Each structure stands twice: as C-alpha cells, then as structure tokens.
Amino acid sequence: MNKMGISTDPALLDVELPRTLIESPSVSTFLPEEEASICPLLSSNTNGSTTPMTFSHPLTPCIDNDNDSNTSANLCNEDGKVETSSSSGSSSGIGMSVPDETSATLFNKHSYKHLQNNNTSTQDSNGHGPNGNIPLGKDTPSFVSWNWPLIRKCTFFVFMSSLLAMCAVVVAMIVTLPKTCNPKTMWYRGSVFYEIFPASFQDSDNDGIGDLKGIVKRSDYLKSLGVSAVRLNSIFPSPHYPDDFKNVTNLTEVSKVLGTTEDVQQLSQALHLRNMSLVLDLPLYPYLKELGKSDGATVVKVLASTALNASEANDATTTTTPRPVITTNLITKALQHWIQFGVDGFYIKGLEEFDELEDIDYHMAEWKDILGESRVLIISEEVMLKVKEPQRSLLLKHVDLVDVHLNVFNGTTSLEERINKVLASEIAPADPGVWVQWSIAGVDKPRLTRDGINDNFTLTATLMQLMLPGTPNIFYGDEIGLQAVKDHLNEHNETKHLHHLSTMQWPENSTQQFTNRETLPWLPNAPTANFNYLTVVSRMIQLRDRSPSIYKNAICKTETVLPNTAIRRSDDDILIIERLYPRRNAFASISNFGQKQLTLDMSSNFYSGVVMLHDSSEKIYFSDFQIGPAESIIVRLDK
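Residues numbered from 1 in each chain as written. Predicted model: local features only at pLDDT ≥ 70, side-chain atom pairs only at ≥ 80, totals over all residues. Heavy atoms only, no water.

**Re the sheet that holds strand β14 (residues 574-579)**
The condition is simple: DSSP bridges decide pairing: two strands pair if at least two such bridges lie between them. Strands here are runs of E lasting at least two residues and helices are runs of H or I lasting at least four, both read from the DSSP assignment and numbered beginning at the N terminus. Interaxial angle, 0 to 180 degrees, is taken between N-to-C directions of lines fitted to C-alpha atoms, where a helix line uses only the stretch in contact. The contact criterion used throughout is that any non-hydrogen atoms of two residues lie within 4.5 Å.
If you trace the six strands from one edge of the open sheet to the other, you get β13-β14-β15-β20-β17-β18, paired in antiparallel fashion. Each of the sheet's edge strands pairs with one partner strand only, and the pair in question is β13 (565-570) and β18 (619-621). On average, adjacent strands in this sheet sit at an angle of 30 degrees to one another, irrespective of strand direction. Direction of pairing for β14 relative to strand β15 (residues 587-592): antiparallel, over a ladder of six bridges. Residue pairing for β15: Leu575 is matched across the bridge by Ser591. Sitting on the sheet, helix α14 (residues 457-466) is in contact with β14, β15 and β20 (631-637), with an inclination near 35 degrees to β20.

Printed below as a string of structure tokens:
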C-alpha cells in the first residue's frame, strides 16, 4: 500500500460506525417522530406482567420444545399462522422480538411437524394417518389409508408381465407363420403314394415273409422318403399266400402270414402319427363273380343337418340332401369294416373283369358315401374305357383318383401321345374333380430295372413320373433301383410270375435287413440296388411338395380351367415336361430314355435355369444343353 501512495496510519483505518447503522431495525429505537405500535392482542401473565410477543413466519414449522411449552404455544397457533400488525403510519420495518430458544430450534430437523388444516385429520383403522402419526378424520376418503407403495410395486409388476406376455405372443406368431403361401388342395391330390407288396417289404418275425409289423418298423423310412400315403396290395387270406395272393377268400380278414386286423390298426396309427395315410387294395375279382344290383339307384331324402337353438326352437331350420341307400353286401361290409381300423382309402381292383357294369355308377355312389369326403376312392382307367356315356360321367362324380399306367419302354413318341391323350380326356385336370394317379410299375406290372436296360433307367423314369400333374404312385424299391429276381438257370420257374416282387433291400450298414441271416427269404436270389438314388428321389418329392407348379393339376380360374403342363419331345429319346403356375417358379424336366449322350439346342423354348436336386446350384444355358444316357435333369427356369 505504501507503493500505491496510500497511508497506512492506523488512525486512518480505524473507523467508528454509528450504532444506528450496526443494529437491526428490529431492535433499534424508532425515529423520534414515530411511535411503536402496541398489539392489543397481547396477553399478560398471571403476575400482571406482559410477555414480549413472539412472531414466526407463516410457513415456519411448529417447534416442539418439551422444555418450554409456553414458547411452543406462542409459535404455533390454531391455524398454523401468525398475524402481525404494524402502525398504519409507520414507514419503517416491524419490530419483532424472537426468543433465542426459538431461533435455536428453528434448524432442528427433529422439531418439525406436519401442518394442519382447519382442525381436520385422516385416520386409518388404527386411528393413525398415512404416516402413522397424524390422526384421520371421519370424512377422509378410504383410499388415503391404502398401502400405496405396495400398490405401485404390484402395478409395475403387472405392467411388465403384460408387456412380456405381448412380446412373447408376437414372437410366437412370427415363428409359426408359414414360410410359404402356396394354394392348398386335398391330401391325395398332387401328393406321392408308395405302393407296397407286404410280403416283400420287411420281415419282423424272421420267417422269411414280410408282414404288417415289419412295415410299422419301417415307418420312419417312409416318412423320410416324403410320401403322403402307403398303399398296400392284397393283404387278405388266400390258400397259399403269398404265392397265390390274388385268390382271395375273405375281404374282412388278414392273411395269418401278414398278421391280424389289429396290426392293420397299429400300422394306420403309426402312419397317421407321421402325417401319412393308409390305402388298401380291395380285389373284387375273382373273389366275386358279379356285382349284382344296387339299391343305390333308389335315392331318398335324408336329414343332412339341423340347426337348433334352445332360445329359438320354433325357428329351427332343417336342410335335406339326397343320398343313396346303402346296399348290404360283401363290398359295403368290407369298406365299413376297414374304416373302423383307420384305413383312409381304397383301390377297388378287378372291376374291369365284370361283364355286367350296368349299376356301376350307383355302386360308386354307395361306396363313396361310406368313405366320405376325406377318404379316397380309386379305380382303374380300364373301367372308364369299358363304361360308355352318360354312365361314365355319373361314375366320375363319385371317383377321386383314376389309376393310369405308363409304359416307358415304348419310346418318347408313344409316351408323349399317351400323356397328352389322358390330359385331354374325361379325367382331364379339374379342381374340384377327378385326378389322375400315374403308375409306371406295380404288383401286376414288370420291374423297371431289368436285364439289358441301363441301371439308371429306373431313376430316369421315376423323376419323369414325379414331374407329371396328378398323383404319382411309386412301387416299392423303385426309389433305389431295385432289380427283379434273377433266375438264369430257371431253377424257380414255379414262382416266375412273382419275380418282380423281389424282397426289399436295405443298406449294408442298416441295423436290420429284410430278414435275419439264418432265414432265407420267400423269393430266391435277392437282387442288388443303388442307394444313391434314394437321396435324389427324396429331394424330388420334397420339391414337388412345396412347388404348386408341380403338385397342382391345373390353373383353376373363376370361369375356366387352364392346363399347367406342356409335353414336348425330341427325336425318340428326349421327353420334355414343362410345369408352371401363376406367380411361382416354372420347372422343366428333360429325360433321355436312350443309350447315348446328346447335345441339344433348346434356346427356342428356354434360355437358362438352375439345376435342382443336387448340392450345388449349377447354372445352365439351353443353347448348348448336354444330357447323358438314361438321365433326367430337373431345371428351375429363369424368368
């Protein structure tokens, strides 16, 4: 400070301020010309002396001082407020005298109490308020005493639980949504049937002959193959089953060699558990010599449905539907009998052998009425050729599938004409309507794999069959190229008519073969098979199952039905089948039934595509298309 030129003399720094500037106005003397106001509400003590008035701020909490009850009474009045007065003419502050004890307890957190309002209070059932201290009045609402912390916790828990539940429902809906939105159809339309001769499929009791329990053991194999129905050839008793399986002696029993009727029910349950159906061949000839007359020609009105309401009994409505009268005979009894054991359909065989088919349409009406809409009724194409119009049209109204056999050994020219003729006949594609069941082998037809034929021929024909519109029927063993029995020395001529029914072969690493090693099968010289075909056939069935372009029989519109199949051929070896469906991928199969590798230019029909049924998706161009002998190539066409 000396450097700044300011004097540091103590006398200059010692400044004495007037007392009036130091003291607070509340304790200072009023100006001479003013008089202090005297509160007329002040009460005097019992000894006659007056007590200085104590003021508190209206928002100041009441002070609970156990040592000085008078001070507490002065600080907290009835309304929790303190009124102050001042002289009307005073321009100075109001003088207040605050006791030291009161100011000391002002900041004591234990001295605060809740404010009261007009002497009203709330109580719970125990006479306490929400905090347990303040009493509750009689007019206080009941919700004041509720346990609000617990209510908040419960509400939060319910909200979070509901939120999680809604999220779980949304996730479940997303997961269960179908991956595709393909048009639906009846279970037997467009699906694949698998025909089995029971005596040659699987032996379960090691007697050398297959049986029904053996098929049950192989139900997982059938499921992995991808078929939708298993069709059993004759399971009925005969004098020497299975050698003369066609000479049936009863239509409601099972050959003892195969099992019992309970085994049929067990097989049906095993297949149903795996989403497959059971179809039986019902051979009528030569067991029956004639069909006879049918009472189904007499049509009566029967009660179909009745809608009743207990509250509106007088307004009940009844609708009637004409239905045929069921004739009681061996056939109707057999149908009703096997339905009780879970059978889902019948192939009525041998009808074409009867000379008199005058009432065949009435018989069909009876049989279909017994089966209902969900079960399938199959007949042979030969029956249709024997029946004339208009009886044929009536017959088709009660038939679900017509079995058509294709001869794949006569060349592609004959094959193309045959397929096109069927697709243009009375059993042409229609929905609803009768569908075609395609067969290229069977219990009455020779095996595809035979001497002098390329081993791949069976696979080629099977893939071509699976590309056709309708319901393909695969004969057991064709999926692995099973060969017929080889008897070059003619040592088994007595069973020559059964050599195409060779016993089923299973991979060498399989835990179970057709029968055990100590037992000889009922047919000799078990043939070989190619198990590499199995994967290809299974993939083709899966492709067919998920592709409407293949499993649908036609493109059905409001007023018309359009075909979705185009058949072409090249020379006498190549057969081309093109399948399409609106807004879906189109497919084509190119099959070479010849013995030479060919190079084709099909760019006028197709440009490019992707080869299916293989691990690698190979891109091909049809301008330089190559195909080997006895080979079928399935292509997804580029749009």
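**Describing the environment of Trp438**
Put simply, the rule is: The cut-offs for exposure are 20% and 50% of the maximum accessible area for each residue type, with area from a 1.4 Å probe on protein chains only; residues under the lower value are buried, those over the upper are exposed, and the others partly exposed. In protein, a polar contact requires one atom able to donate a hydrogen and another able to accept it; more generally it is a pair of N or O atoms within 3.5 Å, and residues adjacent in sequence count only if both atoms are side-chain atoms.
Within the secondary structure layout, Trp438 lies in strand β9 (residues 435-439). Since its relative accessible area comes to 0%, Trp438 is described here as buried. When the C-alpha positions of Trp438 and Leu468 are compared, they lie 8.0 Å apart, and in sequence the two are 30 residues distant. Here the side chain of Trp438 touches Pro469 through a polar contact of 2.5 Å, landing on its backbone oxygen.

**Structural notes on the nonpolar core**
To be explicit about the condition: To form a nonpolar core, buried Ala, Val, Leu, Ile, Met, Phe, Trp, Tyr and Cys residues must be joined to one another through side-chain atoms within 4.5 Å.
Membership of the largest hydrophobic core comes to 112 residues, with the highest contact counts inside it found for Tyr194, Phe201, Leu222, Leu232, Leu284, Leu351 and Tyr476. Residues Leu600, Met602, Ile620 and Phe625 belong to the second largest nonpolar core, which totals 16 residues.

**So, a nonpolar patch on the surface**
To be explicit about the condition: Note on patches: the residues involved have over 30% relative accessible area and no salt bridge, like charges join within 9 Å, and the nonpolar side chains Val, Leu, Ile, Met, Phe, Trp and Tyr join within 5 Å. Areas reported as accessible are Shrake-Rupley estimates using a 1.4 Å probe. Residue values count occlusion only from the protein chains shown. Here, a salt bridge means any side-chain nitrogen of Lys or Arg that lies within 4 Å of a carboxyl oxygen of Asp or Glu.
Together, Phe156, Phe159, Met160, Leu163 and Met166 give the surface a local cluster of nonpolar side chains, amounting to about 510 Å² of exposed area. Assignment of secondary structure puts Phe159 in helix α5 (residues 148-176).

**A short note on the pattern of salt bridges**
Applying the stated criterion across every chain, the model contains 15 salt bridges. Measuring nitrogen to oxygen at the nearest pair gives 3.5 Å for the salt bridge that ties Asp444 to Lys246. With Asp444 in the loop between β9 and α14 and Lys246 in the loop between β2 (229-232) and α8 (261-273), this pair connects stretches of sequence that are 198 residues apart. In this structure Lys246 comes out as partly exposed when scored by relative accessible area, which is 48%.

**Focus: the pairing of strand β8 (residues 401-405)**
Looking along a regular strand, one sees side chains alternate from face to face of the sheet. A large share of β8 lies buried, amounting to four of its five residues. Sheet analysis places strand β7 (residues 376-380) next to β8, joined by three bridges and oriented parallel. Bridge pairing in β8 places Ile379 opposite Val402. Two elements, β8 and β9, share five bridges in a ladder whose sense is parallel.

**Regarding helix α10 (residues 360-371)**
How we decide: Multiply 1.5 Å by the residue count of a helix minus one, and that product is the helix's expected span.
When the terminal C-alpha atoms of α10 are compared, their 16 Å separation across twelve residues agrees well with the 16 Å that a helix rising 1.5 Å per residue should span. When you tally the buried positions in α10, you get ten out of twelve residues, the bulk of the element. Of all the positions in α10, only Ile360, Asp361, His363, Met364, Ala365, Glu366, Trp367, Lys368, Ile370 and Leu371 are classed as buried.

**Regarding the packing of α14 against helix α15 (residues 532-546)**
Threshold: Oblique is the label for every angle not falling under 35 degrees (roughly parallel), over 145 degrees (roughly antiparallel), or within 65 to 115 degrees (roughly perpendicular).
Their axes nearest at 10 Å, the elements α14 and α15 cross at an angle of 5 degrees. Regarding the angle of α14 to α15, the classification is roughly parallel. Residue-level inspection shows Leu459, Thr462, Leu463 and Leu466 of α14 in contact with α15, the latter providing Tyr533, Val536, Val537, Met540, Ile541 and Arg544.

**Describing the packing of aromatic side chains**
Counted only if it meets this: Aromatic rings from Phe, Tyr and Trp, taking only the six-membered ring of Trp, are treated as a pair when their centres fall within 6.5 Å; an angle between ring planes under 30 degrees marks them as stacked, one over 60 as edge-to-face, and anything in between as tilted. Comment: the charge-over-ring label is applied if NZ (Lys) or CZ (Arg) is within 6 Å of the ring centre and within 35 degrees of the ring normal.
Enumeration over the complete set of coordinates arrives at 19 aromatic pairs. Arranged with centres 6.1 Å apart and planes meeting at 15 degrees, the rings of Trp187 and Phe193 form a pair that is stacked. Residue classification places Trp187 among the partly exposed positions, given a relative accessible area of 25%. On the basis of an interplanar angle of 55 degrees and a centroid distance of 5.2 Å, the ring pair of Phe606 and Phe622 is categorised as tilted. Of this pair, Phe606 sits in the loop between β16 (598-600) and β17 (608-611) while Phe622 sits in the loop between β18 and β19 (625-627); the two residues are 16 residues apart in sequence, bridging distant segments of the chain. The same class applies to Phe606 as to Phe622, namely buried. Three or more aromatic residues joined by ring pairs make a cluster, and in this case those are Tyr194, Phe201, Tyr221 and Trp506. In this structure, Arg447 is placed above the aromatic ring of Tyr476, and the distance from its NZ or CZ to the ring centre is 4.6 Å.

**A few points about the sheet that holds strand β1 (residues 193-196)**
Reading around the circumference, β1-β2-β3-β6-β7-β8-β9-β10 is the order of the eight strands in this closed barrel, with parallel pairing throughout. On average, each strand axis in the sheet is tilted by 25 degrees relative to the strand beside it, whichever way the strands run. This element, α14, spans β9 and β10 (471-475) of the sheet and lies at about 155 degrees to β10.

**As for unusual backbone geometry**
The residue after Tyr241, namely Pro242, is reached through a cis peptide bond having omega 5 degrees. For Pro242, the location among the structural elements is in the loop between β2 and α8. Of note, the bond from Tyr285 into Pro286 is cis; its omega dihedral lies within 30 degrees of zero at 10 degrees. By the secondary structure assignment, Pro286 is in the loop between β3 (277-283) and β4 (299-307). Unlike most non-glycine residues, Arg583 shows phi in positive territory, near 60 degrees.

**A short note on the environment of Glu253**
Within the fold, Glu253 resides in the loop between β2 and α8. Each C-alpha atom, one on Glu253 and one on Ile235, is 8.3 Å from the other, the two residues being 18 residues apart in sequence. Sequence-distant contacts of Glu253, that is, excluding residues within four places in its chain, are made with Ile235, Phe236, Pro237 and Trp338.

**Thoughts on the pairing of β1**
Side chains Phe193 and Glu195 of β1 all project onto a buried face; the interleaved residues Tyr194 and Ile196 project onto the opposite face, where all are buried too. By the bridge criterion, four bridges tie β1 to β2 in an arrangement that is parallel. Counterpart to Glu195 in the pairing with β2 is Arg231. Inspection of the sheet shows β1 paired to β10 by three bridges, in the parallel sense.

**What about the confidence of the model for the chain?**
Using the following cut-off: One confidence number per residue, pLDDT, is output by the predictor and ranges from 0 to 100.
When pLDDT is averaged along the chain, the result is 80; 74% of the residues meet or exceed 70. Here β4 stands out as the least confident element of the chain, with mean pLDDT 43; β1 is the most confident, with 98. pLDDT under 50 marks residues 26-51. Its contacts with residues more than four places away, or in other chains, come to 21 contacts. Within the model, the stretch residues 63-99 combines pLDDT values under 50 with 50 contacts to residues more than four positions away or in other chains.

**Digging into the packing of helix α9 (residues 330-339) against α10**
Using the following cut-off: Rotating anticlockwise by less than a right angle from the far helix to the near helix defines a left-handed crossing, while the corresponding clockwise rotation defines a right-handed one. Ten residues, namely Ala, Val, Leu, Ile, Met, Phe, Trp, Tyr, Cys and Pro, are considered nonpolar, four, namely Asp, Glu, Lys and Arg, are considered charged, and the remaining ones, Gly among them, are considered polar.
At a minimum axis distance of 10 Å, the contact between α9 and α10 shows a crossing angle of 15 degrees. It follows that α9 is roughly parallel to α10 by the angle criterion. Considering only the axes of α9 and α10, their crossing is right-handed. Of the residues in α10, those in contact with Ile331, Thr332, Leu335, Gln336 and Ile339 of α9 are Glu366, Trp367, Ile370 and Leu371. The residue makeup of the contact of α9 with α10, split by class, is six nonpolar, two polar and one charged.

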